[in-house]
Amino acid sequence: MTTGPRVAVYGAYGHTGRFVVAELRERGFVPLLSGRDADKLKQLAYDTGLVAHPASVDDPASLDRMLADAAAVINCAGPFATTAAPVIEAALRAGVPYVDVAAEIEAVADSFTRFADRARESGALVVPAMAFYGGLGDLLITTAMGDWTAADEAHIAYGLSNWHPTAGTRTAGAVSRQRRGGRSVRYRNGRLEYHQDDLPTLEWPFPAPLGPRPVIGEFTMADVVTVPSHLPIPDVRTYMAAEAARDIAAPDTPAPTAADEHGRSGQTFVVDAVVRSGARERRAVAKGRDIYAVTAPLAVEALDRILTARTRTTGVASAGDLFDAPDFLRALSPHITLELRH
């Protein structure tokens, strides 16, 4: 019988939440299932034999009950514009670490600005965007930096073979677009800028076997919050493979479907992270499969390091600030292949 630390998973029945629950069990943790839909929770509890604690972000007492026996919480329930703040508040009340898998730029930025002082003063840990978007890119850029203390530019190019979005991804995207009033966002001159410029299409020189591919420039992801939160880089840009951008934009693109016994889709990815300082350039590349599935080992590895005191700071922190980035990425070797090009 597993007797490891108990970890509340909010949104446990969602697409990413199920991967997180499975990864926690594989790593010896005991997931406590939670979320807003009592019927879905009941079914997941029946399927897994795990304990369920229904909780609503509109009911702080239910969130407190969810965390009463938990060593930590992983929030997988979007849109994070709605769920992040209430679950962080509950984690601070309970005195347990908080990790989420948010990709919503504004929600991630809100977590940093709203909770930075309180979390630091209490010695708590709040880790937003500990996921494929936000977390992985930050770890790669931090690793590529090596002994550099600053850089002029950071570029993260996402070479996805396709992007079949979950219902949660579509909902979160709609919330972000509404918050921006339909504008696009980018990180320039040390700050977030909102604009209505057309996004350019250019060619990105992905490493083999992918090779050069058209990408959408300034297809901005949560890395523009996580990377500048701790690295003095005034220009952070992200790019998306054109075919994946078309998929996510099309209303009839289907949700991901399982292609192996672990539930992973057949989607593959190459993330090419580049830092530049003057004429010098450094690069870190990650390759793997299924952006939703790989989020689970990212979040659970982070949680394991937090609970075993392998961290560098307190407060609200991104992955690259909180952990030894190269060591963290090496620990993901069953799930990603890492290449460094200095």
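Structure first, text after, so check above.
Residues numbered from 1 in each chain as written. Predicted model: local features only at pLDDT ≥ 70, side-chain atom pairs only at ≥ 80, totals over all residues. Heavy atoms only, no water.

Colleague: Explain the overall build of the chain to me, please; I cannot follow it from the model alone.
Modeller: Regarding its fold elements, the chain presents 12 helices and 16 strands. The C-alpha radius of gyration of the chain comes to 19 Å, within 12% of the 20 Å expected for a compact globule of 342 residues. Projected onto its principal axes, the C-alpha coordinates of the chain cover approximately 55 × 45 × 40 Å. Counting the 342 residues in the chain, one finds 56% classified as buried. Taking all contacts inside the chain whose residues are at least 6 apart in sequence as the whole, residues at least 24 apart take part in 71%. Carbon and sulfur atoms make up 49% of the accessible area of the chain, which totals about 14,200 Å². (Helix = DSSP H or I, 4+ residues; strand = E, 2+ residues; numbered from the N terminus. Rg over C-alpha atoms; globule rule 2.2 N^0.38 Å. Buried < 20%, exposed > 50% of the residue type's maximum accessible area, 1.4 Å probe, protein only. Contact = heavy atoms within 4.5 Å. Areas by Shrake-Rupley, 256 points an atom, 1.4 Å probe, with all protein chains shown as cover.)

Colleague: What is the right way to look at the packing of helix 5 (residues 105-122) against helix 7 (residues 167-180) in this model?
Modeller: A pair of packed helices is characterised by two quantities: the angle between their axes and the separation of those axes. At a closest axis distance of 8 Å, the pairing of helix 5 and helix 7 adopts a crossing angle of 75°. Judged by the angle between their axes, helix 5 and helix 7 are roughly perpendicular. Contacts from Ile105, Glu106, Ala107 and Asp110 in helix 5 reach Ser176, Arg179 and Arg180 in helix 7. Of the residues belonging to the contact of helix 5 with helix 7, the class tally is 2 nonpolar, 1 polar and 4 charged. (Axes fitted to C-alpha atoms, helices over the stretch in contact; angles between N-to-C directions. Parallel < 35°, antiparallel > 145°, perpendicular 65-115°, else oblique. Nonpolar A, V, L, I, M, F, W, Y, C, P; charged D, E, K, R; others polar.)

Colleague: I tried to follow helix 6 (residues 132-145) on my own but got confused; where do I start?
Modeller: Owing to its 3.6 residues per turn, the α-helix aligns residues three or four sequence positions apart on the same side. Its 14 residues give helix 6 an end-to-end C-alpha distance of 19 Å, which sits within 8% of 20 Å, the value for a rise of 1.5 Å per residue. Taking burial as the measure, the 14 residues of helix 6 include 14 buried ones, the bulk of the element. Within two residues after helix 6, Gly146 carries a phi angle of roughly 55°, on the positive side. (Expected span 1.5 Å × (residues − 1).)

Colleague: Please explain the side chain of Ser265 as it appears in this structure.
Modeller: Relative to the assigned elements, Ser265 resides in the loop between helix 9 (242-249) and strand 13 (268-277). Aside from chain neighbours lying at most four places away, what touches Ser265 is Pro256, Thr257, Ala259, Arg289 and Asp290.

Colleague: Where do I start with the packing of aromatic side chains in this structure?
Modeller: Centre-to-centre distance and the angle between the planes together describe a pair of aromatic rings. By the definition in use, this model includes 7 aromatic pairs. Clustering of aromatic rings is evident, with ring pairs tying together Phe132, Tyr133, Tyr158, Trp163 and Phe269. (Phe/Tyr/Trp six-rings, centres within 6.5 Å; stacked < 30°, edge-to-face > 60°.)

Colleague: Help me understand the layout of surface pockets, please; the structure alone is not making it clear to me.
Modeller: In this approach, a probe sized like a water molecule rolls over the atoms, and the result shows the empty space that is left. Of the volumes computed, that of the largest pocket is approximately 1,400 Å³. Along the walls of the largest pocket sit 50 residues, with Gly168, Thr169, Arg170, Ala172 and Gly173 positioned nearest its centre. For the lining of the largest pocket, the secondary-structure elements that each account for two or more residues are helix 1 (15-26), helix 6, helix 7, strand 8 (184-188), helix 9 and helix 10 (291-307). The element contributing the most residues to the lining of the largest pocket is helix 7, with 9 residues. Looking at side-chain class alone, the lining of the largest pocket contains 25 nonpolar, 16 polar and 9 charged residues. There is about 440 Å³ of room inside the second largest pocket. (1 Å grid on protein atoms, 1.4 Å probe; cavity = no way out; pocket = protein on both sides within 12 Å on 5 of 7 lines; lining within 4 Å. Points joined across faces, edges and corners; volume = space filled by probe spheres on them.)

Colleague: When you look at the pairing of strand 1 (residues 6-10) in this model, what are you seeing that I'm missing?
Modeller: The side chains of a regular strand alternate between both faces of the sheet. In terms of burial, strand 1 is a largely internal element, 4 of the 5 residues being buried. The β-α-β motif built from strand 1, the intervening helix 1 and the parallel element strand 2 (residues 30-35) has right-handed crossover chirality. Looking at chain direction, strand 1 and strand 4 (residues 72-75) are connected through 4 bridges and run parallel. Across the sheet, residue Tyr10 finds its bridge partner in strand 4, namely Asn75. (Right-handed = clockwise from strand over helix to strand, strands pointing away. Pairing = 2+ DSSP bridges.)

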